[in-house]
Amino acid sequence: MTPLAGLRVLELGSRTMAPFVGRMLVDAGADVCKVESPAGDPFRHRSASGVPIPDGADAPWFHHLNGGKRSAVVDLAADGGRDRLRGLVAGADLVLDDHDPADARALRIAPDDLRADNPAAVVATLTRFGTTGPWADRPANDFVLQAVVGSTELRGVPGEEPVSVGGDLGDFVGASMAAPVVLAATLAARTSGKGVHLDLSQYEAMAHCFQTHRQLFATFDPDHRAGRVIMIPSIEPASDGMVGFCCVTGQQWQDFCAMVGAPDLAEEEDLAVFDGRMVRRHEVWERIHAFTREHTVDELVDLASAFRIPVGPVGTADQLVGYDHLVERGVFVDHPAGFRAPRPAPRFGEVRLADPAPAPTLGDEGSPPEPVGDGSLRLGDDPARPLAGVRVVDLSAFWAGPVATNLLRVLGADLVKVESHVRLDGMRWASGFRRPLLWEWSPGYHGANAGKEAVALDLSTEAGREVLDRLVDDADVVVENFSPRVVEQWGLTWERLHERNPRAVYLRAPAYGLDGPWRERVGFAMTMEQVAGLANRTGHPDGPLLVPMGPVDYLAAMQSAFAVVLALLDRERTGLGQLVEVPLMDAALQATAEQVVEWSATGRLLERTGNRSDEALLQGLFRTAGDDDWLAVSVATGAQLAALAGVVGGDPGDGPDRLEAALSDWAATRDGTDAAGVLWRDGVPAAFCHHPNEVLSSPQLEARGFHQWMDHPVTGSTPYPSFPFHVDGAHLPLGGPAPTLGQHTEATLAALGDDGSWYARLLADGVTGDWPVGIPRG
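A brief structural summary. (Residues numbered from 1 in each chain as written. Predicted model: local features only at pLDDT ≥ 70, side-chain atom pairs only at ≥ 80, totals over all residues. Heavy atoms only, no water.)

## Details of the pairing of strand β10 (residues 332-335)
Line of reasoning, step 1. With 4 bridges connecting them, β10 and strand β11 (residues 339-342) associate as antiparallel partners. Looking at β11, one finds that F332 is bridged to P342.
Line of reasoning, step 2. Following β10, the chain reverses through 3 residues before pairing antiparallel with β11; G338 in that reversal takes a positive phi of roughly 100 degrees. (Pairing = 2+ DSSP bridges. Helix = DSSP H or I, 4+ residues; strand = E, 2+ residues; numbered from the N terminus.)

## What about unusual backbone geometry?
Line of reasoning, step 1. Omega for the bond connecting I232 with P233 falls within 30 degrees of zero, at -5 degrees, which places this linkage in the cis form.
Line of reasoning, step 2. With respect to the element layout, P233 can be found in the loop between α9 (214-220) and β7 (235-237).
Line of reasoning, step 3. Within the chain, R108 stands out as a residue other than glycine whose phi angle is a positive 60 degrees.
Line of reasoning, step 4. With respect to the helices and strands, the residue R108 is situated in the loop between α4 (101-107) and α5 (111-117).
Line of reasoning, step 5. Given the relative accessible area of 51%, R108 is considered exposed. (Buried < 20%, exposed > 50% of the residue type's maximum accessible area, 1.4 Å probe, protein only.)

## Observations regarding the pairing of strand β23 (residues 716-721)
Line of reasoning, step 1. Of the pairings in the sheet, the one linking strand β22 (residues 707-712) to β23 comprises 6 bridges and is antiparallel in character. Bridge pairing in β23 places H712 opposite G716.
Line of reasoning, step 2. Counted along the chain from β22 to the antiparallel partner β23, the turn is 3 residues long.

## Some remarks on the sheet that holds strand β14 (residues 414-419)
Sheets are built from strands paired through backbone hydrogen bonds, the pairs being either parallel or antiparallel.
Line of reasoning, step 1. Strand order in the open sheet formed by 7 strands is β12-β18-β17-β16-β13-β14-β15, and the pairing between neighbours is mixed. The open sheet has two free edges, formed respectively by β12 (347-348) and β15 (453-456), since each of these has just one partner strand.
Line of reasoning, step 2. Pairing between β14 and β15: 4 bridges, direction parallel. When the bridges of β15 are listed, K417 appears paired with A454.
Line of reasoning, step 3. Sitting on the sheet, helix α17 (residues 400-410) is in contact with β13 (391-394), β14 and β16 (477-480), with an inclination near 160 degrees to β13. (Contact = heavy atoms within 4.5 Å. Axes fitted to C-alpha atoms, helices over the stretch in contact; angles between N-to-C directions.)

## Description of helix α8 (residues 202-209)
Side chains three or four residues apart in an α-helix point the same way, a direct result of the helix having 3.6 residues per turn.
Line of reasoning, step 1. In terms of burial, α8 is largely enclosed, as 8 of its 8 residues are buried.
Line of reasoning, step 2. Of all the residues in α8, the buried ones are Q202, Y203, E204, A205, M206, A207, H208 and C209.

## With respect to the nonpolar core
One recurring pattern in soluble globular proteins: nonpolar side chains tend to sit buried together.
Line of reasoning, step 1. Among the nonpolar cores identified, the biggest contains 156 residues, and L4, L25, L96, L198, M585 and F723 are the most heavily contacted of them.
Line of reasoning, step 2. Ranked by the residues each element gives to this core, the list is headed by helix α23 (residues 551-574), at 15 residues.
Line of reasoning, step 3. Excluding anything up to four places from it in sequence, M585 contacts L320, L326, A511, Y512, M528, V531 and A532.
Line of reasoning, step 4. Core analysis: the next-biggest nonpolar cluster, separate from the first, contains 29 residues, V163, M259, V284 and V311 among them. (Core = buried A, V, L, I, M, F, W, Y, C linked by side-chain atoms within 4.5 Å.)

Here it is as structure tokens:
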């Protein structure tokens, strides 16, 4: 039995966000009924490659997102249409809705309407800004939101047109950050009989991961504004193609310089940070390329891997399906609708996922499953804290793992983070600052670890591993995201953990997986963006391939949290934990699946289009009166085109090209923020390309209480970003600031029965500490 067999989901959605969440639930066995108008979901006929979809057929991408679902046609304008929808809502455990709030109110399917029809159901709305706040009704899409959160502004060359991320990545981020919350809350609501409204804001989701917590950077160093950059090194030329490097830490930059025969670059202080390398980019590129152009991609990958530098080939759809690692692991599977696509990211020791299935034809309701027994499909009893009582041991580092575990904690779990004072969580060093107690100032560490209880242990020692064993013995979930050899050197294999604690779920999330030729390679989010194809969709057509710079970590984090909830649910049936694997690479491939789907179905490769979009009537960035300031505009409908013409003084009958010229002239004489406001008020999706420092002053985020200000013992008053959803009108509390190094070691040992002597011995032997080894105190 698949774990969600019998769960009833009603999907009121199109495009990507709601359908992708629905597909994740279908993969786990849920019954998802997609509600469509008599005309059907427009995505049935949408092809990113431009290949016409034959009459009576559905697009491959629609099949991928909607396979295995049922379809119910509801005409709300017809007699009996509303009663039919009410009946469908009344029979659901979960309702997924991605209508814009104004449209939902007009159709009388707003959250209050849906909850009135079924108070026991969870109603999850997935909208651009959330259903509340001053911007709730503003028109936007992924392209516009990237400008609002400050992502677009920082990607490219100063003085030249910046560039957004291609491939609707923000839609996948929004969907992924909704999925584990929606699932856990729905399982708890089945126990309590009381539903909730989960109000996901895509803007808030992208504010988390499209600009790496720049609001925290702005708080810690208000006088600094990061400049527009191309990461160096990133995608560089080899003798036979392109190779992707990633040097986030200072050690990785030093090792990279040594590898390419330029150790002197590592000694120059201004080159220690990306901004400095950008200023001297031509000089640095010349030194790098003198080395890389003399070697093949395979040679560079092998050499960088030996230096433990994150690296990989730069992938396109036709190459991805042939990579030996992905072939050996069976990552791509044949779909019955006639194309290839990546399998779901999580792999379970015991849970069975559903096989790929075609999408339903319009109105094909099939046979709904029989309701499951009262004792099934339940986990927790409070939809706002569905994981209350679950104990998590968090061994993860950097970003994806810590974010996943912190979501579990915010959903109610008790958590202990274990890190080393000998070799710190690398994210503690990723700030670019130079100040005392540097390891306590990393915005990325703060953003991923707010509210955690943290202990410091040297797990290379027997005494450190003894403490870890005690923690694991009482755990429900253990999470790690190192390369496989690391935790195996600590003796924390699945076999040993399961023998000690048969009920524990063990989530392992290495870069490339637990087996296969690339098993021991290290990789960060940017590495996966290079390898999995996101860079292939990002950049100007005549410019370099660029990376999104981080969102993949959140995709992996949410896939991991979703998998943990499924494994905990399965434990309710079996009484046993299981091994769960969610590689960073496999999570990234979920967001680039469309490239493989389109190529395998049509033979056409999707490539980067800069700031343009084949799906928009008019889309691009336009220079405004400010110094290197830009306005993002994306027009998708005739009504929006007419509204744009009314603002800029054009004629909608002139067509998009002439209107674009009029818009360019109009924007060039105006302040960017004012221009965006005028367009937004007239219903045109537009945004000023904000610097990410300005996220902190967003009136929408302020109105929704997105930042939770808390006092940290080192950084002082600090704005911590909430997870991007309201539960019945409010964000869930984060519970406290990020921990200082080893802050809770003594208290954690006391909870294990220590009278103080154990802690004193560990401290004296250097097994624990509150200061990094090798750095003199003071």
